[in-house]
Amino acid sequence: MSATLATPLVVPTLRQLFTAYLVVGATGFGGSVVWLRRMLVEKNRWLAADDFNDALSLSQFLPGPMVFNFIVVIGRHLHGLPGILVSSFALMLMPFIFALILGSLYNLYGQLPAIQGVLRGIAPVAAGLLLSLGCKTAMSPILRSPLAIMAILTFAAAGIFRVSLPMVMLIIAPLSILLAASRKR
Amino acid sequence: MMDSVFLGMLLNFSLLSLLAFGGMTAVLPELQRVVIDRNAWIDQRTFTDLYSMGYAMPGPNVLIGTMIGFYLAGTLGALAATLALSLPAATMTYFIAKVWHQFRESHLRRAIQRGLLPITVGLTFAGGYLVARGSNDSWLGYGLTVVTIGLVLRTTLHPLWMIGVGAILGLMGWV
């Protein structure tokens, strides 16, 4: 990334990286682009806005959990492999511990009627949050084209006919990419 | 410790990592298929519980996988699931980041990005549909799902409020 990312405005030490990511992770905003931008670009001036956007578009383009892809690009730029390792460890430390605690509580008390009730109430909201994320992404102008058929095809294959993801990617992805390549815009 | 569930999870999640175009939400249908339908590691109810907790919990979405890993194989399982879901993709990112600037403006890169977007959208809808179908056993549940969609798209209300309201409604036994 060295060719595309400019020199950082301030070079953080590994310790500073650790503390900053630990705080973003612990306050629960580790998955949030807004908070990462605030931490890296606005508050600490470790990155220029363009470099941030650049890293973001790459990490959204590639598969996998976005935040780790992002940390790989940024961490590498700031401090190489140690930068990546320190950043991702720090970011994930507190959420991981929370998950262990929540998981243990679930194992112990998950079957209590009150807890089952709460979880039954959260699930429809989680479904709604997912579907609204789908709606937001679907509003992209890219989908105002025959490519929308590919979205419907994918939904039917994965959601209704329960086709495996490798199969979906093997069959629909090449078709969709070919269709996208054939349309000039 | 290295039993078949643990190894199966490790292998399946590593593959999912490389197929997760659009992030964790896009692999939800496949996660359900692998964990519930094909291997019967977890039943639908428990999966929905773990999913809801992982999704509602503030933090990266990969926590959904962490919760599943913990349920299947304890702390080591949580660690393995988290790493399996993130490490393969992160490694790929590491190497592609080196050459990214050569492809950023290329026609092929644009075609791939545009072509994958509808797939991400289809997968996200499929995931939401499956969670709704798996969890909502009353019309009120579906109503809550629809209201949530409306609130997210029409207002700037923070999702935690909606999760809180859902939790209270559930506690009262209304959903």
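Everything here concerns the structure above.
Just so you know, these numbers come straight off a predicted model, no measurement behind them.

Digging into the overall build of chain A
- For chain A, the helix and strand inventory stands at seven helices and zero strands.
- Ordered by position from the N terminus, the helices and strands of chain A form the series α-α-α-α-α-α-α.
- On C-alpha atoms alone, chain A measures out to a radius of gyration of 20 Å, which is more than a quarter above the 16 Å that the 2.2 N^0.38 rule sets for 185 residues.
- In terms of overall dimensions, chain A has a C-alpha envelope of 55 × 50 × 25 Å along the principal axes.

Quick word on the environment of Trp100 of chain B
- Within the fold, Trp100 of chain B resides in helix α4 (residues 63–103).
- Given a relative accessible area of 2%, Trp100 of chain B falls into the buried group.

Quick notes on the interface of chain A and chain B
- Taken together, the contact between chain A and chain B spans 83 residues of the former and 96 residues of the latter.
- Taking both partners together, chain A and chain B bury about 8000 Å²; carbon and sulfur atoms supply 77% of that area.
- On the surface where chain A and chain B come into contact, there are two salt bridges.
- Among the salt bridges present, the one from Asp37 of chain B reaches Arg162 of chain A, with a minimum N-O distance of 3.4 Å.
- Elements that contribute at least two residues to the side of chain A that touches chain B include exactly α3 (49–61), α4 (66–109), α5 (113–138), α6 (148–160) and α7 (165–182) of chain A.
- Of the residues forming the side of chain A that touches chain B, the biggest block, 24 residues, is contributed by α5 of chain A.
- When grouped by side-chain class, the residues that make up the side of chain A that touches chain B number 55 nonpolar, 22 polar and six charged.

As for α3 of chain A
- Counted at 1.5 Å a residue, the expected span for α3 of chain A with its 13 residues is 18 Å, and the 18 Å between its end C-alpha atoms agrees.
- Turning to α3 of chain A, its buried residues number three or more, namely Asp51, Phe52, Asp54, Ala55, Leu56, Leu58, Ser59 and Phe61 of chain A.
- The inward-facing, buried residues of α3 of chain A contact α2 (33–43) and α4 of chain A together with α4 and α5 (107–135) of chain B.

Considerations on the pattern of salt bridges
All names here are of chain B.
- The full count for this structure, using the stated rule, is four salt bridges over all chains.
- Asp49 is the salt-bridge partner of Arg45, the closest N and O atoms lying 3.4 Å from each other. Of the two residues, Arg45 and Asp49 both sit in helix α3 (residues 44–56), four residues apart, roughly one turn of that helix. Asp49 shares its class with Arg45; the two are buried.

Brief notes about the packing of aromatic side chains
- The final tally for this structure, using the stated rule, is eight aromatic pairs over all chains.
- Stacked on the ring of Trp35 of chain A, the Lys or Arg Arg38 of chain A has its end atom at 4.7 Å from the ring centre.
- The residue whose ring lies beneath Arg76 of chain A is Tyr94 of chain B, and the NZ or CZ to ring-centre distance is 4.8 Å.

Observations concerning unusual backbone geometry
- In the Ramachandran plot, Arg162 of chain A falls in the positive-phi region, its phi being about 55° despite a non-glycine side chain.
- Checked against the element boundaries, Arg162 of chain A lands in the loop between α6 and α7.
- With a phi close to 50°, Ala40 of chain B is a non-glycine residue in the positive phi region.
- Mapped onto the fold, Ala40 of chain B is located in the loop between α2 (28–38) and α3.

Concerning a nonpolar patch on the surface
- A cluster of nonpolar side chains, namely Ile97, Phe98, Ile101, Leu105, Leu108, Tyr109, Leu112 and Ile115 of chain A, defines an oily patch on the protein surface of about 720 Å² accessible area.
- Per-element tally for the nonpolar patch: the top contributor is α4 of chain A, with six residues.

Points about empty space enclosed by the protein
- Under the criterion given, the structure shown has two cavities of 30 Å³ or more.
- Each pocket or cavity is described by its volume, and for the second largest cavity that value is around 40 Å³.
- Lining of the second largest cavity is provided by Ala158, Arg162, Val163, Ser164, Leu165 and Val168 of chain A together with Pro29, Glu30, Arg33 and Leu123 of chain B.
- At the level of elements, α7 of chain A together with α2 of chain B are the ones that each hand at least two residues to the lining of the second largest cavity.
- Broken down by element, the residue count for the lining of the second largest cavity peaks at three residues, all from α2 of chain B.
- Its residues assigned to classes, the lining of the second largest cavity shows six nonpolar, one polar and three charged.

Description of the nonpolar core
- In this structure, Tyr21, Leu40 and Phe70 of chain A together with Phe13, Phe47, Tyr51 and Ile68 of chain B are the most contacted members of the largest nonpolar core, which totals 101 residues.
- Mapped onto the domain boundaries, this core takes at least three residues apiece from domain 1 (14–109) and domain 2 (129–182) of chain A.

Details of the layout of surface pockets
- Taken as a whole, the second largest pocket holds about 490 Å³ of empty space.
- Lining the second largest pocket we find 20 residues, and of these Phe68, Ser88 and Phe89 of chain A together with Leu83 and Leu87 of chain B sit closest to its centre.
- Counting only elements with at least two residues in the lining of the second largest pocket, the list comes to α4 of chain A together with α4 of chain B.
- Considering each element in turn, the lining of the second largest pocket owes the most residues, 11 residues, to α4 of chain A.
- In the lining of the second largest pocket, the residues fall into 16 nonpolar, four polar and no charged.

Calculation notes
- Residues numbered from 1 in each chain as written.
- Chains lettered and ligands numbered in written order.
- Predicted model: local features only at pLDDT ≥ 70, side-chain atom pairs only at ≥ 80, totals over all residues.
- Heavy atoms only, no water.
- Helix = DSSP H or I, 4+ residues; strand = E, 2+ residues; numbered from the N terminus.
- Rg over C-alpha atoms; globule rule 2.2 N^0.38 Å.
- Buried < 20%, exposed > 50% of the residue type's maximum accessible area, 1.4 Å probe, protein only.
- Contact = heavy atoms within 4.5 Å.
- Buried area = accessible area lost by both parts, 1.4 Å probe.
- Salt bridge = Lys/Arg side-chain N within 4 Å of Asp/Glu carboxyl O.
- Nonpolar A, V, L, I, M, F, W, Y, C, P; charged D, E, K, R; others polar.
- Expected span 1.5 Å × (residues − 1).
- Phe/Tyr/Trp six-rings, centres within 6.5 Å; stacked < 30°, edge-to-face > 60°.
- Lys NZ or Arg CZ within 6 Å of the ring centre and 35° of its normal.
- Patch = residues over 30% accessible without salt bridge, like charges linked within 9 Å, V, L, I, M, F, W, Y side chains within 5 Å.
- Areas by Shrake-Rupley, 256 points an atom, 1.4 Å probe, with all protein chains shown as cover.
- 1 Å grid on protein atoms, 1.4 Å probe; cavity = no way out; pocket = protein on both sides within 12 Å on 5 of 7 lines; lining within 4 Å.
- Points joined across faces, edges and corners; volume = space filled by probe spheres on them.
- Core = buried A, V, L, I, M, F, W, Y, C linked by side-chain atoms within 4.5 Å.
- Domains from an automatic or database assignment.

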